Amino acid sequence: MKTPIQILKAMAAYATLLCGVALQAESPTAATPPPRLIELQQDFSQVAEKAFPAVVVITNKRRAGGDLYPNLSPEMRFFFGLPPAAARSSRMPVPVGRGSGFFIRPDGHLLTNYHVIKGADALEVKLSSGQTFDNASDKAAVRIVGVDVDSDLAVLKIPLKPGETVTALAFADTSAL
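Residues numbered from 1 in each chain as written. Predicted model: local features only at pLDDT ≥ 70, side-chain atom pairs only at ≥ 80, totals over all residues. Heavy atoms only, no water.

Visitor: Just checking my understanding: could you explain the overall build of the protein for this structure?
Guide: Across its full length, the protein holds five helices and seven strands. Along the protein, helices and strands appear, N-terminal first, in the series α-α-β-α-α-β-β-α-β-β-β-β. Per-residue burial over the protein gives 27% buried out of 177 residues. Summarising the internal contacts of the protein: among those between residues at least 6 apart in sequence, 69% fall at separations of at least 24. Accessible surface computed for the protein: about 11700 Å², of which carbon and sulfur atoms make up 60%. (Helix = DSSP H or I, 4+ residues; strand = E, 2+ residues; numbered from the N terminus. Buried < 20%, exposed > 50% of the residue type's maximum accessible area, 1.4 Å probe, protein only. Contact = heavy atoms within 4.5 Å. Areas by Shrake-Rupley, 256 points an atom, 1.4 Å probe, with all protein chains shown as cover.)

Pasting the structure below:
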């Protein structure tokens, strides 16, 4: 699995590649990249380095699908090597999808897309430091604060120790644009 910084660097490289293709159309004989392309790449790298501490990886986990044989007797389950009825309900959720998010407040609130967490039986949030919060084993580890399905947004919260904070990204002032 790629780390958030690897993902951001890949995005910067992809953007650079796209700009390079566009600029090649202007100057197909240029052997070295134009200065504005180098500037753009440096800008992307600076943004990635600043954002890295606030970026998280979110894993959506679900329990395995429903029982195909709900009326099968315990003896037949044993014969066919199927788990008993009690074991079916206690299965740990397995990863079914991943996405990213970022901290929006130093107290552990983070923003992600709703489709990343949709249908989850459990969620795992991995910080850039490597620390993991997994509510499959600790229900209080990741809490869904709210969702907006129409705008595909979700706010999650991880618990922090007293006095502990995380790096949060600031929203831009759109009125200043």
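On we go from here.
Visitor: Is there a simple way to explain the sheet that holds strand β6 (residues 143-148) in this structure?
Guide: Paired through backbone hydrogen bonds, the strands of a sheet run either parallel or antiparallel to each other. Taken in spatial order, the seven strands make up an open sheet running β5-β4-β1-β2-β3-β7-β6, and their pairing is antiparallel. Strands at the two margins of the open sheet, each flanked by one partner only, are β5 (132-134) and β6. Averaged over all pairs of adjacent strands, the angle between strand axes in this sheet comes to 25 degrees, irrespective of strand direction. For strand β1 (residues 55-62) and strand β2 (residues 94-103), the ladder comprises eight bridges, and the chain directions are antiparallel. If you follow K61 over to β2, its bridge partner there is P95. (Pairing = 2+ DSSP bridges. Axes fitted to C-alpha atoms, helices over the stretch in contact; angles between N-to-C directions.)

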